[in-house]
Amino acid sequence: MPPRAAATRPVGTVTRGTTNPNRLRRMDRWIAATHGAELRRAADPVAVDLGYGAAPWTAVELLHRLRTVAPHARVVGVEIDPARVAAAQPYAREGLDFRHGGFEVPVAGPPLLIRAANVLRQYDEAEVAAVWQRLCARLAPASAPSPSASPSPRAGSASGPSVPSGPSGPSGPSVPSGHSRGGLLVEGTCDEIGRRHVWVALGPEGPRTVTFATRLGSLERPSDLAERLPKALIHRNVPGEPVHAFLRDFDRAWAAAAPYASYGARQRWMRAVRDLTADWPVSDGPVRWRQGEVTVRWEALAPRA
C-alpha cells in the first residue's frame, strides 16, 4: 500500500477575527465599480474573501455586491481557523462556499479576485512582499485580445488617465476590448465600522494603486487616514517617505479648500483632490471622488528602499 500523503498545512497565522456587518462596504463598492467588467467577462468569476474572520458577514456581503455587476460571480470564504469555517457553514448557499486555508488560497483554478482586508496588520512589514507575491501568483493571468476582438472599448467602460472619471480608472490604464488585465488582489485596512479605509490594488504583475476612502462627515483632515494605512505603508508615514509627503500635501489642499466647506464635505474633498492632481498621479476622477475616495498610482507612494 502506498504511503498516505501528508495533509498540507495552511500558510499563515490566525488573525484576531474581528469583524462587523457592512465593515468592508467601501472596498466592496470600489471593487464592483473598477473590476466588474473583468468579472462579467469571465465564464466562471471566482472571488476569494481571504481571512473573513470570526463571522462570515463580509463574505455574504461581497457576494451580494459583486452580483449587482456580475450575476454569475461566486465567492469562496477562506479562513485559517477551522472553527470559523465550521461556524460559517450554515451561511453557505448557491455561489457561496467556505473553506479551510490560508495564503495558498485553496480554490480550484486562479481566482479573478482576492480580497484580504485587515489580514496583514499583525504581520511584520518585511513579510508583506512575500505574501503579496504568493497571492498575486494565484490570480488569473492577464490575456491578450483575441484577433476578432474590437479595438474600441465599450461605451461607458473607458478608463485610465485619458478618461479620469471612467469606472475602471482606479485599477489601472484602459485596455483594448477583449484584453484582460487578469485577477485583482485588494489588500488593506479599515476601522472597526468601516468609516476609514486604505487599500492597495495589485494585479498578477504586482502593485498598481493605493486607494484612500472615508466617510467624509467623520474626517477632520485627510491625514486622519494615516492610522489605516496598510502594513506596507503604515510604518513609512515619516518625513522623507512618499506617503508622508502625499498626506502632507493632501492636508494642505484640504485647508486651501476650506471655503468649499459651506457647500458640504463632499465638495471640499473634491476640490482638494482636484488640486492634488497637479502634483500627484491620481488615477480616478470625479465619479469616485464623490464617494469620498481618491486613488493614486502605487509607484508614487511606494516606500523608499
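Before reading on, note that the structure itself is shown above.
Everything quoted here is computed from the prediction, not taken from an experiment.

> Explain helix H1 (residues 25-41) to me, please; I cannot follow it from the model alone.
Residues three or four positions apart in an α-helix share a direction because the helix packs 3.6 residues into each turn. Taking 1.5 Å per residue as the helical rise, H1 with its 17 residues ought to reach 24 Å, and the 23 Å between its terminal C-alpha atoms agrees with that figure. Of all the bends found along H1, the most pronounced is centred on histidine 35 and spans about 65 degrees.

> What is the right way to read the environment of valine 60 from this model?
On the secondary structure map, valine 60 appears in helix H2 (residues 57-67). Each C-alpha atom of the pair valine 60 and valine 75 lies 8.2 Å from the other, and the pair is 15 residues apart in sequence. Beyond its immediate sequence surroundings of up to four residues, valine 60 is in contact with Tyr91, Arg93 and Leu96.

> Any chance you could explain the sheet that holds strand E5 (residues 184-190) here in plain terms?
Within a sheet, neighbouring strands are paired by backbone hydrogen bonds and run either parallel or antiparallel to one another. Taking strand neighbours across the sheet as the criterion, the eight strands line up as E3-E2-E1-E4-E5-E6-E7-E8 in an open arrangement whose pairing is mixed. Each end of this open sheet is capped by a strand with a single partner; those strands are strand E3 (96-100) and strand E8 (293-297). Across the sheet, the axes of successive neighbouring strands diverge by a mean angle of 20 degrees, strand direction being ignored.

> What should I look at first to understand the environment of valine 200 in this one?
Mapped onto the elements of the fold, valine 200 is located in strand E6 (residues 196-203). Spatially, the C-alpha atom of valine 200 lies 6.4 Å from that of threonine 211, the residues being 11 residues apart in sequence. Here valine 200 is in contact with Trp132, Leu185, Val186, Glu187, Pro207, Thr209, Val210, Pro230 and Trp298, once residues within four sequence places are set aside.

So, how was this worked out
By convention here, each chain's residues receive numbers from 1 onward along its written sequence. Two thresholds apply to this predicted model, a pLDDT of at least 70 for residue-level local features and 80 or more for giving and counting side-chain atom pairs, whereas whole-chain, interface and lining totals are computed over all residues. As a convention, hydrogens and water are excluded, and side-chain values are obtained from all of the structure's heavy atoms. For helices the rule is a DSSP run of H or I covering at least 4 residues; for strands it is a run of E covering at least 2, with both sets numbered from the N terminus onward. Multiplying 1.5 Å by the residue count of a helix minus one yields the expected span of that helix. A residue's bend is the angle separating two fitted axes: one through the seven residues that end there, the other through the seven that start there. Whether two residues are in contact is decided by their heavy atoms, any of which lying within 4.5 Å being enough. In this description, strands pair whenever DSSP reports at least two bridges between them. Every angle, taken between N-to-C directions, lies between 0 and 180 degrees, and every axis is a line fitted to C-alpha atoms, over only the stretch in contact when it is a helix.

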